[in-house]
Amino acid sequence: ALDPAIYARAPQPARDRSVVAAALSGQSEVYFLDLPKLTGEEPDGAVYVAAAQEPWPGPLAIYRSPEETGYRLQGFVNAAATVGVTLDALPPGPEGRIDYANRIRVHIGATRQLASATRLKMLSGANLMAVTTAAGDRELIQFETATLIAPSTYELSDLLRGQAGTELASGGLTIAAGATVVL
């Protein structure tokens, strides 16, 4: 015998047929950073890519092509970079040792935060930022202390200048206020 009830539709909850509008978040800021090898494990010709956007939309695909066609996927930017600007000029400082005299204020995105690092963590590579010089080069600077002094504004001190061979990037000149900072 055949029971027709086993072929009947099971009861289901009603579906919500309303449409939720997608949140528009704008265009990402993308930075291609021509930096020296930081770990020594990077392949030759490697380029650092940083991206920022508020709110962060999720991983961004990076494509590459030597022409205007034939782009190939090179990788993804999985997390947002912290990007900001310097509010003060940064005069030349000592290289190869901690600069206790100079401090710099930076303003970063509203949803981002900076944190101090222990001396050992800083010396192991923590709190590394690329600061754009007037010539368009980037000096790598590390900081030990980050002090929140206003909303989204930090004072950075105990600086290590010219990291990873970028000591000549500033050319011994002051880095101007308004320089881009990428962490």
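An account of the accompanying structure is given in this report. The structure displayed is predicted, hence computed values, not measured ones. (Residues numbered from 1 in each chain as written. Predicted model: local features only at pLDDT ≥ 70, side-chain atom pairs only at ≥ 80, totals over all residues. Heavy atoms only, no water.)

All right, on to the sheet that holds strand 6 (residues 104–108) then. Spatially, 6 strands are ordered 5-6-9-8-7-10 in a closed barrel, and the strand pairing comes out antiparallel. This sheet shows a mean twist of 45° between the axes of neighbouring strands, independent of strand direction. Bridge analysis of strand 8 (residues 138–150) against strand 9 (residues 153–160) gives 7 bridges, and the strand direction is antiparallel. Within the sheet, the bridge partner assigned to alanine 150 lies in strand 9 and is threonine 153. (Pairing = 2+ DSSP bridges. Helix = DSSP H or I, 4+ residues; strand = E, 2+ residues; numbered from the N terminus. Axes fitted to C-alpha atoms, helices over the stretch in contact; angles between N-to-C directions.)

Summed over the entire model, instances satisfying the criterion amount to 5 salt bridges. Salt-bridge contacts for arginine 105 lead to aspartate 88; the nearest nitrogen and oxygen are separated by 2.8 Å. With a gap of 17 residues between them, arginine 105 in strand 6 and aspartate 88 in the loop between strand 5 (83–86) and strand 6 connect regions that are remote in the sequence. Note that glutamate 155 is salt-bridged to arginine 103, the shortest N-O span being 3.4 Å. Here glutamate 155 is found in strand 9, whereas its partner arginine 103 is found in the loop between strand 5 and strand 6, with 52 residues between them in sequence. (Salt bridge = Lys/Arg side-chain N within 4 Å of Asp/Glu carboxyl O.)

This brings us to unusual backbone geometry. Of note, the amide linkage connecting glutamate 54 to proline 55 takes the cis form, showing an omega dihedral of -10°. Mapping proline 55 onto the fold places it in the loop between strand 2 (48–52) and strand 3 (60–64). One non-glycine residue, asparagine 127, lies in the positive phi region at around 55°. Along the polypeptide, asparagine 127 turns up in the loop between helix 1 (119–123) and strand 7 (128–132). Of note in the backbone geometry, aspartate 158 takes a positive phi value of approximately 55° without being a glycine.

With that out of the way, let us pick up the nonpolar core. The biggest cluster of nonpolar side chains holds 16 residues, and the ones touching the most others in it are Leu114 and Leu156. Breaking this core down by element, the ones donating at least two residues are strand 6, strand 7, strand 8 and strand 9. By size, the runner-up hydrophobic cluster in this structure holds 10 residues, among which are Tyr31, Leu35, Ala50 and Leu140. (Core = buried A, V, L, I, M, F, W, Y, C linked by side-chain atoms within 4.5 Å. Buried < 20%, exposed > 50% of the residue type's maximum accessible area, 1.4 Å probe, protein only.)

Attention shifts here to the side chain of asparagine 102. As for its placement among the helices and strands, asparagine 102 is situated in the loop between strand 5 and strand 6. Here aspartate 99 takes part through its side chain, which lies 2.7 Å from a polar atom of the side chain of asparagine 102. Contact partners of asparagine 102, with chain neighbours within four places excluded, come to Leu90, Pro91, Pro92, Gly93, Ser157 and Leu159. (Polar contact = N/O pair within 3.5 Å; in protein donor to acceptor, adjacent residues only side chain to side chain. Contact = heavy atoms within 4.5 Å.)

It is worth spelling out a nonpolar patch on the surface at this point. A cluster of nonpolar side chains, namely Tyr63, Tyr71, Leu73 and Phe76, defines an oily patch on the protein surface of about 450 Å² accessible area. Here tyrosine 71 is to be found in the loop between strand 3 and strand 4 (72–77). (Patch = residues over 30% accessible without salt bridge, like charges linked within 9 Å, V, L, I, M, F, W, Y side chains within 5 Å. Areas by Shrake-Rupley, 256 points an atom, 1.4 Å probe, with all protein chains shown as cover.)

Our next topic: the side chain of glutamine 142. Positionally, glutamine 142 belongs in strand 8. For glutamine 142, a relative accessible area of 4% gives the class buried. A distance of 2.8 Å separates polar atoms of two side chains, one belonging to glutamine 142 and the other to glutamine 163.

Note that every value here comes from positions in space, so none of it alone points to a role or purpose.
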